[in-house]
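Spelled out from the first residue to the last, the chains are:
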Amino acid sequence: MPGSEAFVIVGASLSGAKAAEALRAKGYDGRIVLVGEEPHLPYERPPLSKGYLIGKSEREKAFVHPESWYAENQVELRTGSHVAAIDRASHQVRLADATRLDYAKLLLATGASPRHLPVLGGNADRVVYLRTIDDSERLRGLFGQIGRLVVIGAGWIGLEAAAAARAAGVDVVVVETEQLPLQRVLGPEMGEHFAELHRRNGVDFRFGEIVGEITTEGGYATGVRLRDGSVLATDAVLAAIGVSPNTQLAQDADLPVDNGVLVDAALRTDDPDIYAVGDVARAYHPRYKQHIRVEHWANALNQPQVAAAGMLGEQAEYTRLPYFFTDQYDLGMEYVGYVEPGGYDRLVTRGDPASGEFIAFWLAEGRVLAGMNVNVWDVTESIRALIESGAQVDPEALADPGTALDSLAG
Ligand SMILES: Cc1cc2nc3c(=O)[nH]c(=O)nc-3n(C[C@H](O)[C@H](O)[C@H](O)COP(=O)(O)OP(=O)(O)OC[C@H]3O[C@@H](n4cnc5c(N)ncnc54)[C@H](O)[C@@H]3O)c2cc1C
């Protein structure tokens with residue numbers, strides 16, 4: 001039996017704060033406790049590898065809500081507070097300081113944490129990660145002190161940080177196990193586009209390389225040893241080799257976990273009183289007929305609306321297509337849709353990629369699975385409609401800027 005009417009949210013970042021907002025917007029007037037282990041107000045992470053990292057945007061701009069919002073909306077925000085365990089039988093969570101909180105409904109919004117470099121020297125000073133506002137400030141501080149940076153991992157975070165480091169005048173080498181950046185997400189054609197963008201801006205890539213060791217001197221990182229024994233001398237290392245969902249709490253509470261907390265389309269676990277959202281949730285997606293875990297801002301922004309509805313006894317399903325964006329140098333882009341690695345048979349571009357302004361579409365059997373608009377704006381909704389329509393499209397019409405995208409949705 002629920003021990004109280006309180007709704008407890010574990011994880012006070014974008015998805016946690018948005019869930020509190022959604023519950024109030026839906027008229028829930030009971031107790032809401034938002035518990036987060038970081039010492040900061042809930043904040044958004046995208047600026048941490050972009051404007052905030054290069055000192056061009058304010059800290060306050062990253063906050064999901066101003067501090068006053070929590071009191072005004074009677075949301076009990078407990079920062080610096082780690083949830084150590086969930087006791088499902090008594091409907092309580094236990095905090096690290098042994099405090100217990102009763103919950104009627106519990107929302108897991110615990111996000112993800114960077115994977116650590118599993119090599120000798122991986123814990124040396126000046127081997128850094130980029131997930132939190134503190135990480136971003138530390139890296140920004142390093143930019144002012146170092147001349148060289150090796151970034152390990154050519155995913156979104158590694159590339160955005162590489163662009164920021166170049167803006168700060170730091171020499172950058174990016175080491176990547178694949179043959180191109182972002183290959184699993186974008187495939188070889190667009191992977192090459194991003195590689196070129198970075199090369200043009202002075203980044204040196206080492207593809208197909210596995211890092212064997214971080215060399216050190218006096219406890220500080222001095223180099224990155226590659227498989228062939230050669231060493232890239234450096235002043236600091238950013239390890240951007242992906243994240244792991246923070247599933248320990250769920251796992252310890254015997255909730256189903258498999259690369260994320262498994263939830264249904266209503267974002268509910270197999271315990272009717274426990275939901276999960278954001279980076280930690282691997283949710284059943286009705287369109288794709290499988291569970292997917294999306295590590296993107298828009299997912300953390302929108303899933304809480306659906307979880308809040310479910311927590312209040314309403315019927316709702318999360319059916320939005322995955323969406324993300326990036327900014328690197330003079331490239332701004334949005335991507336909508338979902339393609340498994342290698343899961344497309346044709347790439348169509350509208351506009352010349354060399355011009356820096358174009359849309360790329362990934363197709364399978366004549367249907368658009370995903371689209372990426374690069375320095376072309378206000379087309380995401382049309383691309384979304386095209387994907388959702390499932391219409392067979394004529395690739396020539398798709399490539400032709402003179403044909404309205406909306407007319408192709410059938
Ligand atoms: C540097 C950076 C740049 C990014 N840029 C983009 C971008 O350009 N575009 C895009 O689409 N996405 C981007 N993302 C991804 C996006 O920020 C994430 O998808 C989003 O932050 C997920 O939000 P979340 O609330 O689910 O999880 P998180 O942001 O990971 O927050 C989870 C919170 O829960 C806390 N927590 C975990 N366990 C406990 C516990 N037991 N007790 C208490 N608290 C706990 C954590 O400390 C953390 O504060 C970026 C991410 C990073 C790191």
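All values derive from a computational prediction rather than experimental measurement.

### Description of the domain arrangement of the protein
- What the domain assignment lists for the protein is domain 1 (7-113 + 244-311), domain 2 (127-241) and domain 3 (330-409).
- If you average the C-alpha positions of domain 2 and of domain 3, the two centres end up 30 Å apart.
- Tallying the contact residues gives 11 residues for domain 2 and 13 residues for domain 3.
- For the pair domain 2 and domain 3, the number of links is two residue pairs in polar contact (both at pLDDT 80 or more).
- The element best represented in the side of domain 2 that touches domain 3 is helix H5 (residues 183-200), accounting for 10 residues.
- Here the side of domain 2 that touches domain 3 is built from residues that sort into seven nonpolar, two polar and two charged.

### A look at H5
- The end-to-end C-alpha distance of H5 is 19 Å, clearly below the 26 Å that 18 residues give at a rise of 1.5 Å each.
- The largest bend in H5 is about 90 degrees, located at Glu189.
- Among the residues of H5, those classed as buried are Leu186, Gly187, Met190, Gly191, His193, Phe194, Ala195, Leu197 and His198.
- A positive phi of about 90 degrees marks Gly202, the residue just after H5.

### Here's the deal with the site of the ligand
- Around the ligand sit 35 residues in total, of which Glu38, Arg45, Lys50, Arg131 and Asp279 are the nearest.
- In this structure, Ser15 approaches the ligand through a side-chain N or O atom, which is 2.7 Å from an oxygen atom.
- Measuring from an oxygen atom of the ligand, one finds a side-chain N or O atom of Glu38 at 2.6 Å.
- Protein contacts shield 95% of the accessible area of the ligand, which totals 1000 Å² for the unbound molecule.
- Counting residues per element, the ones that place at least two in the shell around the ligand are helix H1 (14-25), helix H4 (156-167), helix H7 (297-311) and strand E22 (323-328).
- Residue composition of the shell around the ligand, by class: 15 nonpolar, 12 polar and eight charged.
- Counting only domains with at least three residues in the shell around the ligand, you end up with domain 1 (7-113 + 244-311) and domain 2 (127-241).

### Side note on the sheet that holds strand E4 (residues 83-87)
- Sheet architecture is open: three strands sit in the order E4-E5-E6, paired in antiparallel fashion. At either margin of the open sheet sits one strand with a lone partner, and together these are E4 and strand E6 (100-102). Averaged over all neighbouring strand pairs, the angle between strand axes comes to 25 degrees, with direction disregarded.
- The pairing of strand E5 (residues 92-95) with E6 spans three bridges and is classified as antiparallel. By the bridge assignment, Arg94 is partnered in E6 with Arg100.

### Details of the sheet that holds strand E12 (residues 204-207)
- The strand order E9-E16-E10-E11-E12 describes an open sheet built from five strands, whose pairing is parallel. Each edge of the open sheet carries a strand with a single partner, namely strand E9 (127-128) and E12.
- Two strands pair when backbone bridges link them, and E9 and strand E16 (residues 236-239) are joined in this way by two bridges, in the parallel orientation. Paired with Val127 across the two strands is Val237, which belongs to E16.

What counts and what doesn't
Residues numbered from 1 in each chain as written. Predicted model: local features only at pLDDT ≥ 70, side-chain atom pairs only at ≥ 80, totals over all residues. Heavy atoms only, no water. Domains from an automatic or database assignment. Contact = heavy atoms within 4.5 Å. Polar contact = N/O pair within 3.5 Å; in protein donor to acceptor, adjacent residues only side chain to side chain. Helix = DSSP H or I, 4+ residues; strand = E, 2+ residues; numbered from the N terminus. Nonpolar A, V, L, I, M, F, W, Y, C, P; charged D, E, K, R; others polar. Expected span 1.5 Å × (residues − 1). Bend = angle between axes of the 7 residues up to and from the residue. Buried < 20%, exposed > 50% of the residue type's maximum accessible area, 1.4 Å probe, protein only. Near = heavy atom within 4 Å. Areas by Shrake-Rupley, 256 points an atom, 1.4 Å probe, with all protein chains shown as cover. Pairing = 2+ DSSP bridges. Axes fitted to C-alpha atoms, helices over the stretch in contact; angles between N-to-C directions.

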